[in-house]
Amino acid sequence: MGIRVLQPGALTTVQDAGRYGYQSMGFPVSGVMDRRSFRIANMLLGNDETEAVLEAAMLGPSLCFQEDCFFCITGADMQPKLDGVDIPLYTALLGKAGAVLELGLVREGARAYIAFAGGLDIPPVMGSCSTNLKCGIGGWQGRALRAGDEIPFRKPKKCLKNLYKRYEKIRECGERHVTLRAVPGPQENLFTEAGIHTFFSEEYTVTQEYDRMGCRLDGAQIESRGGVDIVSDGIVFGSVQIPASGRPIVMMADHQTTGGYAKIATVISTDLPKLAQRMPGDTVSFEAVSIEEAQRIARKEEAWMRRFRRATN
Amino acid sequence: MEDYRILNAGDGAVCVEFGQQIDDAVNARVNGLYQKLFSHPIAGVTESIPTFRSLLVCYDPLRIRYGKLIRLLEKYAADIPDVVEGERHVVEIPVCYEAEYAPDMGHVTAHTGLSAEEVIALHCGRDYRIHMLGFLPGFPYLGGMDERLATPRLKSPRTRIEAGSVGIGGSQTGIYPLSSPGGWQLIGRTPLKLYDPQRDKPVLYKAGDYIRFVQISKEQFLQMEKDMQRKEGV
């Protein structure tokens, strides 16, 4: 027994930290789009930080608890209600057997994370519970949730110690414009100086073409020296490809492992959650940072996570 | 002089680039470094992705500093062992070339002027190097097909190609690990499950290995298929 899906929402999938170790065989990593919200949701429940959760995009699901279990919602604000009553985000709450948790249309941000204390009982495939929609593996039967699905809990918890500490006043998805720091390269030399300047100074708009694979941006065209086609090489989460149109595509969690467009820069890992929470119409700009600076920022973020974990558990 | 460049790929990866074109010697260097990272793992390196011409090395910056990683990769790149012929890792793929599994054999014989027997003999007659896997999980980009077999792709791609199909697309040959749309000329099929997420090794081969196609009859094909289903049933 666990939760029954009443309404699946727009795209609700089971995700964890991702499926590593198989990219050399052509398997995308998948995993959550917003790693920060995902980790915080699990930490607030005292879960392992990589415990699988539900990721809901744009329009959230309605779920019915089949047994008592604590849960927590982070990331986007989808106006969650428990049995019709508004409930706060970033707060550990008890879902009683029979209670209906309802998420609606997104009001701030783009992706919400629903974590359950003790986790979901999902068999890992190739070391991960993340849903890979293209290959139809992982998560719940290799697909997005549908009405009628019943996903069991693994070790549902109806009590949590230090409950009074298990909330957080973070609201970080509300901005409509974000600055994404990015390390130039690997193929920045295929672009003109003017092209690189355009990329790091202009504002870009998130288009409708935004899914778990990539985020296509609209804005000033980036000038290349002599074309952007390369013999395919490896891609990471955050790679910024510039196709022939001259408009950037940021590769996201489900990105293919290799690609044949030149990559002007790579968004730093710490800033990817900000992009994961943007909706079409929101705007982004890019700021160049060195690798050393990017890694200093990553260490700072990790230190914040450690403090947060200590403070809540 | 060094024959590679180390390019920045964000705060958790670097790209070791050995060339800009598709070239056997370049790819041998890529896979040499890839192998070396297996035989001599660097703590903090999480995985690496070989392509035709470069190796993407992913790492955890909290476990290894960028500077140290670069120094180690430079050391590794300076000492990539040449793969000796005898050490080739060859994966045999049984293929049935009979009509039922070879809907496009007629196109290939018509285009090349060869008989079906000659096509099969040429196709089985050599080992193919796996340059990289990509496009689909487990899809091998193979090098070195006999030029006499080259046949253009179908004018309009099929919406579904069965898993295990063996085909020719231009001057390349390949196998489809899972069912997918595609435009290759299909000349046979393997009963092997090239890709199985439940298996210890989800894909039977890796970049740098060689693939050898071995002709089997339809009876053998059906028997192997049956044996595998039985094994799965247990």
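Residues numbered from 1 in each chain as written. Chains lettered and ligands numbered in written order. Predicted model: local features only at pLDDT ≥ 70, side-chain atom pairs only at ≥ 80, totals over all residues. Heavy atoms only, no water.

A. Representation of the overall build of chain B within the structure. Counting secondary structure elements, chain B contains 5 helices and 13 strands. C-alpha extents for chain B along the principal axes are approximately 55 × 45 × 35 Å. When burial is assessed residue by residue, chain B has 50% of its 234 residues classed as buried. For chain B, the share of sequence-separated contacts (at least 6 apart) that also reach a separation of at least 24 residues comes to 62%. With the model as given, the accessible surface of chain B reaches about 11100 Å², and the carbon-plus-sulfur share is 51%. Averaging the coordinates of the 27 positive side-chain charges in chain B and doing the same for the 30 negative ones gives two points 4 Å apart. (Helix = DSSP H or I, 4+ residues; strand = E, 2+ residues; numbered from the N terminus. Buried < 20%, exposed > 50% of the residue type's maximum accessible area, 1.4 Å probe, protein only. Contact = heavy atoms within 4.5 Å. Areas by Shrake-Rupley, 256 points an atom, 1.4 Å probe, with all protein chains shown as cover. Lys, Arg positive; Asp, Glu negative; His and termini not counted. Charge placed at Lys NZ, Arg CZ, Asp CG, Glu CD.)

B. Highlighting the sheet that holds strand 5 (residues 69–77) of chain A. Residue and element names in this part refer to chain A. The strand order across the open sheet formed by 5 strands is 2-3-10-5-8, and the pairing between neighbours is antiparallel. Among the strands making up the open sheet, the edge pair consists of strand 2 (11–15) and strand 8 (93–95). With strand direction ignored, the average angle separating the axes of adjacent strands in the sheet is 30°. Looking at chain direction, strand 5 and strand 8 are connected through 3 bridges and run antiparallel. (Pairing = 2+ DSSP bridges. Axes fitted to C-alpha atoms, helices over the stretch in contact; angles between N-to-C directions.)

C. Layout of the pattern of salt bridges. Taken as a whole and assessed by the stated rule, the structure comprises 34 salt bridges over all chains. The partner of R88(B) in a salt bridge is D127(B), with the nearest N and O atoms 3.7 Å apart. In this pair, R88(B) sits in the loop between helix 2 (66–77) and strand 5 (90–96) while D127(B) sits in the loop between helix 4 (116–124) and strand 6 (128–133), placing the two residues 39 residues apart along the sequence. Classification of R88(B) by relative accessible area gives partly exposed; the value is 29%. Salt bridges sharing partners connect three or more residues here, namely D233(A), K263(A), R5(B), E17(B) and R53(B). (Salt bridge = Lys/Arg side-chain N within 4 Å of Asp/Glu carboxyl O.)

D. Geometry of the packing of helix 1 (residues 24–39) of chain B against helix 2 of chain B. Residue and element names in this part refer to chain B. At a closest axis distance of 10 Å, the pairing of helix 1 and helix 2 adopts a crossing angle of 120°. Relative to helix 2, helix 1 is oriented oblique. In this structure, helix 1 crosses over helix 2, and the sense of that crossing is right-handed. Packed against helix 1, whose contacting residues are R29, L33, K36 and L37, the element helix 2 presents L73, Y76 and A77 at the interface. Tallied by class, residues from the contact of helix 1 with helix 2 come to 5 nonpolar, no polar and 2 charged. (Parallel < 35°, antiparallel > 145°, perpendicular 65-115°, else oblique. Left-handed = near helix turned anticlockwise from the far one by under 90°. Nonpolar A, V, L, I, M, F, W, Y, C, P; charged D, E, K, R; others polar.)

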